[in-house]
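# Structural overview for review
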Amino acid sequence: MYYLKLLTIILVLLLVVNNILPTTANTKKLERSEEQEGLIANDCSIPSFSALRKFSLKNLSTAVTSADINGDGIEDVVSAGTNSVAVLLGNGSGGLKLAGEFEVIDTPITVTTGDFNRDGKLDIATGNFKSKDVAILIADGTGKFAFPIFIPINQAPRNIFAVDVNQDNITDLIVVGDFSIVVLTGTGNGDFNKPITTPTNADPLGVAVADFNGDNKLDIALGVGGSSGVALFLGNGNGNFSRSMTLNTGQNSVLSLVSADFNDDGKKDLAVTSGSNVSIFLATQSGFSQPTNFAVGVNPISLAVGDFNNDGKKDLAVVNNFRNVSILLGDKLGNFTKTATDIKLTEVANDPSIIFSVTTFDYNGDGLSDIVTANSNRTISLILSNSTGQLAPVLSVGKSPTDVVAVDINLDGKLDLITANRNSSDLSVFLANGDSGFTLANTIKVEFGPRNIITGDFNNDKMPDLAVSASNTNKIVILTGDGKGGFSTFKIFSISAEAFLVVGGDFNKDRKLDLAVLSNENNSITTFFGKKRGFSAGSMFRTSDNPLSLIVGDFNLDGKLDLATANNIANSVSIFLGDGAGNFNKKSDLPALTGSARLATGDFNNDGKPDIVVVGAFTTQFSLFLGDGKANFSLFKSFELQTRQSAVIVNDFNNDKKLDLAFTEPTSNQLVILLGDGTGNFTDTLTYDVGMEPDAILVADLNQDEANDIVVANASSNTISILYSLCGKKH
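Residues numbered from 1 in each chain as written. Predicted model: local features only at pLDDT ≥ 70, side-chain atom pairs only at ≥ 80, totals over all residues. Heavy atoms only, no water.

### What about the overall build of the protein?
- Each helix and strand counted, the protein has one helix and 58 strands in total.
- For 731 residues, the compact-globule estimate of 2.2 N^0.38 gives 27 Å, and the C-alpha radius of gyration of the protein, at 29 Å, lies within 12% of that figure.
- Across its three principal directions, the C-alpha atoms of the protein cover 90 × 50 × 40 Å.
- The buried share of the protein, reckoned over its 731 residues, is 62%.
- With the model as given, the accessible surface of the protein reaches about 26600 Å², and the carbon-plus-sulfur share is 47%. (Helix = DSSP H or I, 4+ residues; strand = E, 2+ residues; numbered from the N terminus. Rg over C-alpha atoms; globule rule 2.2 N^0.38 Å. Buried < 20%, exposed > 50% of the residue type's maximum accessible area, 1.4 Å probe, protein only. Areas by Shrake-Rupley, 256 points an atom, 1.4 Å probe, with all protein chains shown as cover.)

### Some remarks on the nonpolar core
- Counting residues in each nonpolar core, the largest one holds 20 residues, and the members touching the most others are Phe308, Ala317, Val319, Val325, Ile327, Ile343 and Ile371.
- When contributions to this core are tallied by element, the ones reaching two or more residues are strand S23 (300–306), strand S24 (315–320), strand S25 (324–330) and strand S28 (355–361). (Core = buried A, V, L, I, M, F, W, Y, C linked by side-chain atoms within 4.5 Å.)

### Some words on unusual backbone geometry
- Residue Asn310 is not a glycine yet carries a positive backbone phi of 60 degrees.
- Position of Asn310 among the secondary structure elements: in the loop between S23 and S24.
- Positioned with a positive phi, Asn321 is a non-glycine residue whose angle comes to about 50 degrees.
- Judged by its relative accessible area of 34%, Asn321 falls in the partly exposed class.

### Quick word on the sheet that holds strand S31 (residues 394–396)
- Spatial ordering of the open sheet is given by S31-S58-S57-S56, a layout of four strands whose pairing is antiparallel. Each end of this open sheet is capped by a strand with a single partner; those strands are S31 and strand S56 (694–700). Neighbour-to-neighbour, the strand axes of this sheet turn through a mean angle of 20 degrees, independent of strand direction. (Pairing = 2+ DSSP bridges. Axes fitted to C-alpha atoms, helices over the stretch in contact; angles between N-to-C directions.)

### With respect to the pairing of strand S53 (residues 660–665)
- Counting buried residues in S53 gives six out of six residues, a clear majority hidden from the surface.
- Across the two faces of S53 the burial is the same, with Asp660, Ala662 and Thr664 and Leu661, Phe663 and Glu665 all buried.
- Pairing geometry for S53 and strand S54 (residues 670–676), over five bridges, is antiparallel. Bridging from a neighbouring strand, Ala662 pairs with Ile673 of S54.
- Between S53 and S54, which follow one another and run antiparallel, lie four residues, and Asn669 among them has a positive phi close to 55 degrees.

### A few points about the sheet that holds strand S47 (residues 584–591)
- Taken in spatial order, the four strands line up as S44-S45-S46-S47 in an open sheet, and their pairing is antiparallel. Edge positions in the sheet fall to strand S44 (547–553) and S47, since each has one partner strand and no second. Here the average twist between neighbouring strands, direction ignored, is 20 degrees.
- Relative to strand S46 (residues 572–578), strand S45 (residues 562–567) is paired through five bridges, and the arrangement is antiparallel. Counterpart to Thr565 in the pairing with S46 is Ser574.

### Regarding the packing of aromatic side chains
- Evaluation of the coordinates by the stated rule reveals 18 aromatic pairs.
- A centroid spacing of 5.9 Å and a plane angle of 65 degrees characterise the contact between Phe212 and Phe288, whose relative ring orientation is edge-to-face. With Phe212 in the loop between strand S15 (204–210) and strand S16 (219–224) and Phe288 in the loop between strand S21 (277–281) and strand S22 (292–295), this residue pair connects regions lying 76 residues apart in the sequence. Each member of the pair Phe212 and Phe288 is classed as buried.
- Aromatic side chains Phe493 and Phe528 sit 4.8 Å apart centroid to centroid with 35 degrees between the ring planes, which places their arrangement in the tilted category. Taken together, the positions of Phe493 in strand S39 (residues 487–494) and Phe528 in strand S42 (residues 524–530) put the pair 35 residues apart, joining distant regions of the chain.
- Look at Phe493 and you get buried, because its relative accessible area is 8%.
- Judged by its relative accessible area of 6%, Phe528 is buried.
- Clustering of aromatic rings is evident, with ring pairs tying together Phe604, Phe622, Phe639, Phe663 and Phe682. (Phe/Tyr/Trp six-rings, centres within 6.5 Å; stacked < 30°, edge-to-face > 60°.)

### A closer look at the environment of Thr273
- Mapped onto the fold, Thr273 is located in strand S20 (residues 269–274).
- C-alpha of Thr273 to C-alpha of Asn299: the two residues are 26 residues apart in sequence and 8.0 Å apart in space.
- Looking at Thr273, its side chain comes within polar contact range of the main-chain nitrogen of Ser256, at 2.9 Å. (Polar contact = N/O pair within 3.5 Å; in protein donor to acceptor, adjacent residues only side chain to side chain.)

### A look at the environment of Asp331
- Looking at the element boundaries, Asp331 is found in the loop between S25 and strand S26 (336–338).
- Sequence-wise, Asp331 and Asn263 are 68 residues apart; in three dimensions their C-alpha atoms are separated by 7.9 Å.
- A polar atom in the side chain of Asp331 sits 2.8 Å from the backbone nitrogen of Leu333.
- Within the structure, Asp331 has its side chain in polar contact with the backbone nitrogen of Gly334 (distance 3.3 Å).

### Re the environment of Asp72
- Structurally, Asp72 can be placed in the loop between strand S3 (63–67) and strand S4 (76–81).
- C-alpha separation for the pair Asp72 and Asp115, spaced 43 residues apart in sequence, amounts to 15 Å.
- Looking at Asp72, its side chain comes within polar contact range of the main-chain nitrogen of Ile74, at 3.0 Å.

### Some words on the pattern of salt bridges
- This model, assessed by the stated rule, comprises six salt bridges.
- The salt bridge partner of Asp264 is Lys332, with a shortest N-O separation of 3.8 Å. On the criterion of sequence distance, the pair formed by Asp264 in the loop between strand S19 (256–260) and S20 and Lys332 in the loop between S25 and S26 is long-range, its members being 68 residues apart.
- The partner of Arg451 in a salt bridge is Glu498, and the shortest N-O contact between them spans 3.3 Å. Highlighted residues: Arg451 in the loop between strand S35 (438–445) and strand S36 (453–456) and Glu498 in the loop between S39 and strand S40 (501–505), separated in sequence by 47 residues. Each member of the pair Arg451 and Glu498 is classed as buried. (Salt bridge = Lys/Arg side-chain N within 4 Å of Asp/Glu carboxyl O.)

### Things to note about the confidence of the model for the protein
- Residues of the protein with pLDDT of at least 70 account for 90%, and the chain-wide mean is 87.
- Taken as a whole, residues 1–43 scores under 50 in pLDDT and shows 99 contacts with residues more than four places along the chain or in a different chain. (pLDDT = per-residue confidence, 0-100. Contact = heavy atoms within 4.5 Å.)

### Description of the pairing of S23
- For S23, a buried count of six out of seven residues is recorded, marking the element as mostly surrounded by other parts of the structure.
- Sheet topology note: the S23/S24 ladder contains six bridges and is antiparallel. Residue pairing across strands places Ser302 opposite Val319, the latter belonging to S24.

Here it is in structure tokens:
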């Protein structure tokens, strides 16, 4: 069975579309309308991360290409699918804004761009499977297009290319369809001459166009359906082609081809997907070498060329079985090395969405090729690269990670990662390998399900230690580090009720780290004071009903640390003022969101006074309370996101000296970043796909490029997602 025929069947079955958009009142709605994506970035004023972003379309996307549609010097994306073409304009920082979706009748499955009327503006051409024709959409230069002109070719097109076939400096079209090659030579005014047809006697399952024999005339290589062969057709420069030779991969049917100079000898080589491999044919003086095969995933169906690690060598992105993307890093000799992890569009089990095609370009101007995929779920995915070639790393951890911390465990000057895995009752310890990657070095079993982690030097040996809170027990465990990645139990503390979570700070101003342990079982906080080695018991005091979050801050600006809790049943925030001796007095209870669950603090209106963000457990809202510097807070505004949030963290992600927020959304499996404007409002919303049911968030500079990266713990997929900032010095 031919895989491209299977693809065609899938396309026909998927051509159904729907649209919904909810609204709310009495809050500021932070829409994901992609309007902010149209802003032009300036020195990372719109931050970007090496992670997957999805952009919604009205219609299914089956083919995608890259071009500067509106002539602003920034690459855009053109998608074809269902009965339309979508144009998404780039902003130069990894954002895309939907400019429009333009009607094209009868299933366009391939798309290209070219200036067909020589007005300096890029037009669009699609190959339409059901109507067996080509649609020409003439551009106005703003991202808009005239109603299409249809050119019959009397066969179902599989691939379309905008090139100058006859070297008259006018853009022509090559359309490869059922058992023939069709050339439409351009007139230069948007029209095309009568089709020139070359029979191929082959059902094409992948096509590449290049000058393969060095005669300055374009040739065509196409995969022969039902065989392992690649048929080479040499062009005569006037639109006709003659069959020259057949290359054999020795694998299953060829599904995709690309051409590039992989060994830097000035000749066009071929990369061919077949079986579970990419076969590389290097051009020689008399043709091509025997293929060298490089393993990828199962049934690779689409290929694109790029430079994903900024080494000046051509790499490959390969779509496997419609599901994930493999990266092959080239060595400029025609050899390739597969990166350790394939890129998934989702970690959701049994997700029916699939990838149809892939293209590459540097969409955020950092010199690295990024990846765009056309997807069946009415989205375009944009995956921004980092300098390792390992895009959006995902690390497997224990079961149900609920917290992640960064600390230099082995004292090598690099931040390592530790996760608390509640359902497997262990900690996963990852050591940084110096190349923006991490290696699992240790799994530490604990006798209870750990919930969260605090790091510090608790035994005064200048090596990092851990304080871990339990799930469903009343214990805090202190683990001392050996400076090599190993830990051993040093002390176990018990409190009067469940140890829900633990925070740290110097509460008695003796320059030693103290602990505050929150229990939502008996509505209390218990303190422990750090000594030279270990801790001494502090005191226990009551909170309001069912506290689910505990944060540390100096809310009255007296230089002494205070505490705040979010109280889920009491629907309030409690403020406890510290006296600098380790004692806390309740200042007030703020009425807050129903089911208040998470807290964060920072100065969001740039008045030098700490404010508080409150996130609800059962709502899509969060609230901002502005502080007066005397531990009094007043509600500034409530904001609404698309779905409920499970964690929140504060940081200045775009280096504009205005605090931003990052949330995890467990129902959408996304990280959401809101950019603050310095007045307490938020202007832009950025979303990134992560794992299933994301929970905890960590912000740290993991790769020492002076820009903060983000780590997200995904509770249901048992992973952590690492989003490297692309605003650092290395970029």
